[in-house]
Amino acid sequence: ATRRVSFDGQPLEVSPMEYRLVAYLANRKGQTVPAIELATHVQGRDDDAAKNAIEAMVTRLRKKTSANSIHNRRGFGYLLADEEE
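Owing to the predicted nature of the structure, the values given are computational and were not obtained by experimental measurement.

Participant: Help me understand the pattern of salt bridges, please; the structure alone is not making it clear to me.
Facilitator: Following the criterion strictly, the structure yields five salt bridges and no others. For Lys64, the salt bridge identified is with Glu18, shortest N-O distance 2.8 Å. Placement of the pair is Lys64 in helix 3 (residues 48-64) and Glu18 in helix 1 (residues 16-26), with a sequence separation of 46 residues. Its relative accessible area of 2% is what places Glu18 among the buried residues. The salt bridge partner of Asp47 is Arg45, with a shortest N-O separation of 3.4 Å. Since its relative accessible area comes to 34%, Asp47 is described here as partly exposed. You can call Arg45 partly exposed: its relative accessible area is 36%.

Written out as structure tokens, the structure is:
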């Protein structure tokens, strides 16, 4: 409800679209979410440009957090890492 994101207990500055991506993955914790589903939810489109934009957002979020914060399951999609990782 507060639209805040934190990583390792520290607040994280994210764009509105980055927030939607993180929130969508967090609501599907433990599930691999296809890039096309993320593109549809985050950007309202399901074309190749939207999927490329998702990849770019994931890259930016990894730079803001850690390389292991969002996993990519090649051919399947993305999921958030467990807290222990």
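Participant: So what exactly am I meant to see when it comes to the packing of helix 2 (residues 35-43) against helix 3 here?
Facilitator: Any two packed helices are characterised by the angle at which their axes cross and by the distance between the axes. Interaxial distance between helix 2 and helix 3 falls to 9 Å at its minimum, and their mutual angle equals 90 degrees. Considering the angle they form, helix 2 stands roughly perpendicular to helix 3. The segment helix 2 lies against helix 3, with Ala35, Ile36, Leu38, Ala39, Val42 and Gln43 engaging Ala50, Lys51, Ala53, Ile54 and Met57. Among the residues forming the contact of helix 2 with helix 3, the class breakdown is nine nonpolar, one polar and one charged.

Participant: Would you mind showing me how to read the environment of Pro11 here?
Facilitator: With respect to the helices and strands, Pro11 occurs in strand 2 (residues 10-12). The spacing of Pro11 and Lys64 is 53 residues in sequence and 11 Å in space, taken between C-alpha atoms. If we ignore the near neighbours within four places in the chain, the residues touching Pro11 are Val5 and Ser6.

Cut-offs applied
Residues numbered from 1 in each chain as written. Predicted model: local features only at pLDDT ≥ 70, side-chain atom pairs only at ≥ 80, totals over all residues. Heavy atoms only, no water. Salt bridge = Lys/Arg side-chain N within 4 Å of Asp/Glu carboxyl O. Helix = DSSP H or I, 4+ residues; strand = E, 2+ residues; numbered from the N terminus. Buried < 20%, exposed > 50% of the residue type's maximum accessible area, 1.4 Å probe, protein only. Axes fitted to C-alpha atoms, helices over the stretch in contact; angles between N-to-C directions. Parallel < 35°, antiparallel > 145°, perpendicular 65-115°, else oblique. Contact = heavy atoms within 4.5 Å. Nonpolar A, V, L, I, M, F, W, Y, C, P; charged D, E, K, R; others polar.

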